[in-house]
Amino acid sequence: YLIQDLKIQGAKIDMWGVGTKMITAYQQPALGQVYKLMAVDEDGLKLRPKIKISDDMEKVTNPGNKRVIRFYNRQGYMIGDVFFLEEEDIPKGKFRVYHPNLKQLNRELDARFGYEELLVPIIKKGKVVYDFPSLHAIRERTKEQLSRLEDEHKRLPNPHIYKVSLSEKLFDLKHELIMKHLH
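Residues numbered from 1 in each chain as written. Predicted model: local features only at pLDDT ≥ 70, side-chain atom pairs only at ≥ 80, totals over all residues. Heavy atoms only, no water.

Some points on the pairing of strand β10 (residues 164-167)
Pairing between strand β4 (residues 78-85) and β10: three bridges, direction parallel. Bridge pairing in β10 links D81 to V164. By the bridge criterion, two bridges tie strand β5 (residues 94-98) to β10 in an arrangement that is antiparallel. Each bridged residue has a counterpart across the sheet, and for Y98 the counterpart in β10 is L166. (Pairing = 2+ DSSP bridges. Helix = DSSP H or I, 4+ residues; strand = E, 2+ residues; numbered from the N terminus.)

Encoded structure:
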């Protein structure tokens, strides 16, 4: 916030020494991390989706192997990421996506304006299959992605929420597994 305020005030600073506040999340210095099981290989042929159930809907997991696709609007700005089941095809035109917990909160996206798959394989059958980019390439990719995020998402106070949604098939699978658990 201090850097943002100084920039707004026109400070002529070209180098910042932020130290610990850059390396750690200052308000929450410990990194919270949890592993959740999404699928089980029971017969050596096919993974069966699994779900973690909780009274807190925010803690209920999204089951199965997934793909994460980032969609763009006609101006080339990011408009949201969508979780699809791994076997789902990416829609070719307009389609509906859903809030992870509330089907009535849905919206229409249009794949014709562009999208990209975010998850890539790193290891297959015990072998590294990923060509790790240089630090320079990572930095350039980050700058490019930030430039495709609208300003209201980047502001520090009251940023606009960047939406992450579920495909209809994944939403339905999640709620089918929740209902099985309740009965």
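Digging into unusual backbone geometry
Residues other than glycine seldom take positive phi values, yet K125 does so here, at roughly 50°. Checked against the element boundaries, K125 lands in the loop between β8 (123-124) and β9 (127-128). With a relative accessible area of 85%, K125 lands in the exposed category. (Buried < 20%, exposed > 50% of the residue type's maximum accessible area, 1.4 Å probe, protein only.)

Describing a nonpolar patch on the surface
On the surface, V120, I122, I123, V128 and F132 cluster together into a nonpolar patch covering about 480 Å² of accessible area. By secondary structure assignment, the location of I122 is in the loop between β7 (115-117) and β8. (Patch = residues over 30% accessible without salt bridge, like charges linked within 9 Å, V, L, I, M, F, W, Y side chains within 5 Å. Areas by Shrake-Rupley, 256 points an atom, 1.4 Å probe, with all protein chains shown as cover. Salt bridge = Lys/Arg side-chain N within 4 Å of Asp/Glu carboxyl O.)

A look at the side chain of N101
The topology assignment puts N101 in the loop between β5 and β6 (106-110). With relative accessibility at 12%, the residue N101 sits in the buried group. Side chain to side chain, N101 and K174 meet in a polar contact 3.1 Å long. (Polar contact = N/O pair within 3.5 Å; in protein donor to acceptor, adjacent residues only side chain to side chain.)

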